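Chain and residue survey
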Amino acid sequence: PWQPLALAALVPMLTWRCLPVEAQPSPEVLAAEKATLAQLEIKPSQLMPLAISTPLVEGNQAKAVLCYADSPAWREAALTIQVAIARATGVELPLLTDKEYEAKRPAQPHAVLIGHLDNHRVVSQLYRNFFVCLDTGTPGTDGYEIRTVHNPFGDGRNFLLVGGSSPASTKAAAEDFAGQVAKAGKPGTLTFGRLLE
C-alpha cells in the first residue's frame, strides 16, 4: 500500500524537473521590442474628443438633417419630428431619404435616422458595426428604439436613431421623441446628450 503513495508523490517532482526552462530575451531584443511599443503608443494629443452632445439646432441654424427610410410610414414619422422641432426652436430641419443622404454624406452634419436595418442604408451600416440593434424582429412589432450614436465614423458626426420594427412602432417612436423635443427645445437651440431608450 505504501508504493502507490510514494509514486504519486514523485510524479509532481518528475513533471517539474521535465518542464523546459525559457531563456530570457537578450538586452538587444528587449530594446527592439520597447522601440516598437513606443512607435505604436497612442499619444494624448492623438486622442479624439468625446462627441457626447448632438446639436440638432444651434444659433437658429439647422445642425442636423432628418434622414428617413424611403417609405410613406417612415416619411410620416420624419414629418412628425420635423414639426416638433420647428415648433420648439423655430427652425425646420431638412428632410432627406437615406439614398439622398448617402449621396450627400460628406457634406452633411449630424442626422436623425428614421428607419431600421432592413429599410435604411445608414442604419444598416451602423447595425452591421454593432452600434444599433434595430431590425424587423428586434425590439418587435410593438417596440421601438431612441438612441444616440456618437461619432461612429471618426468624422465628428453623431446620429440619433428614432425607429421601430414596424410602421406603427416607428410612429410611436416619433411621437415619443417629439415629446422629448418639446421639453428640451428652446427658441433657436436644441441639443441632446446620450439617449438609450
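Quick caveat, the model's predicted, so the values are computed rather than measured.

Things to note about the overall build of the protein chain
What the protein chain contains, in helices and strands, is six helices and eight strands. In the protein chain, the succession of helices and strands from N to C terminus is α-α-β-β-β-α-β-α-β-α-β-β-α-β. Relative to its full complement of 197 residues, the protein chain shows a buried share of 39%. Here the analysis covers contacts within the protein chain between residues at least 6 apart in sequence; of these, 64% occur between residues at least 24 apart. By element, 59% of the accessible surface of the protein chain is carried by carbon and sulfur atoms, the whole surface being about 11,900 Å².

Concerning the packing of aromatic side chains
Inspection of the entire model under this criterion finds two aromatic pairs. Their ring planes at 80° and their centres at 5.9 Å tell us that Phe153 and Phe159 sit as a pair that is edge-to-face. Plain terms: the ring middles of Phe177 and Phe192 are 5.1 Å apart, the flat faces sit at 40° to each other, and that makes the pair tilted. With a gap of 15 residues between them, Phe177 in helix H6 (residues 167-184) and Phe192 in strand S8 (residues 190-192) connect regions that are remote in the sequence. Judged by its relative accessible area of 6%, Phe192 is buried.

Some points on the nonpolar core
By size, the foremost hydrophobic cluster in this structure holds 28 residues, and its most contacted members are Leu56, Ile81, Ile114 and Phe177. Breaking this core down by element, the ones donating at least two residues are strand S1 (54-58), strand S3 (64-68), helix H3 (72-89), strand S5 (110-114), strand S7 (159-164), H6 and S8. Sorting elements by how many residues they give to this core places H3 first, with seven residues. With residues near it in sequence (within four places) discarded, Leu56 still touches Gln61, Ala62, Lys63, Ala64, Ile85, Leu93, Val112, Phe177, Leu190 and Phe192. With 14 residues, the next largest nonpolar core counts Cys67, Leu96, Tyr101 and Leu134 among its residues.

Description of the pairing of S7
For S7, the tally of buried residues reaches six of six residues, placing the bulk of the element in the interior. As paired strands, S5 and S7 are joined by three bridges and run parallel to one another. Considered in S7, the bridge of Leu113 is made with Leu161. As paired strands, strand S6 (residues 144-149) and S7 are joined by six bridges and run antiparallel to one another.

Some points on the side chain of Ser169
Counting through the fold element by element, Ser169 comes out in helix H6. In this structure, Ser169 is in contact with Gly140, Thr141, Asp142, Gly143, Tyr144 and Gly164, ignoring residues within four places of it in sequence.

Side note on the sheet that holds S1
Taking strand neighbours across the sheet as the criterion, the three strands line up as S2-S1-S8 in an open arrangement whose pairing is antiparallel. A strand with exactly one partner marks an edge of an open sheet, and here the two such strands are strand S2 (61-62) and S8. Direction of pairing for S1 relative to S2: antiparallel, over a ladder of two bridges. Bridge assignment links Glu58 to a residue of S2, and that residue is Gln61. Docked against the sheet, H6 engages S1 and S8, running at close to 120° with respect to S8.

About the criteria used
- Residues numbered from 1 in each chain as written.
- Predicted model: local features only at pLDDT ≥ 70, side-chain atom pairs only at ≥ 80, totals over all residues.
- Heavy atoms only, no water.
- Helix = DSSP H or I, 4+ residues; strand = E, 2+ residues; numbered from the N terminus.
- Buried < 20%, exposed > 50% of the residue type's maximum accessible area, 1.4 Å probe, protein only.
- Contact = heavy atoms within 4.5 Å.
- Areas by Shrake-Rupley, 256 points an atom, 1.4 Å probe, with all protein chains shown as cover.
- Phe/Tyr/Trp six-rings, centres within 6.5 Å; stacked < 30°, edge-to-face > 60°.
- Core = buried A, V, L, I, M, F, W, Y, C linked by side-chain atoms within 4.5 Å.
- Pairing = 2+ DSSP bridges.
- Axes fitted to C-alpha atoms, helices over the stretch in contact; angles between N-to-C directions.

So far we have only geometry, and geometry alone does not tell us how the molecule works.
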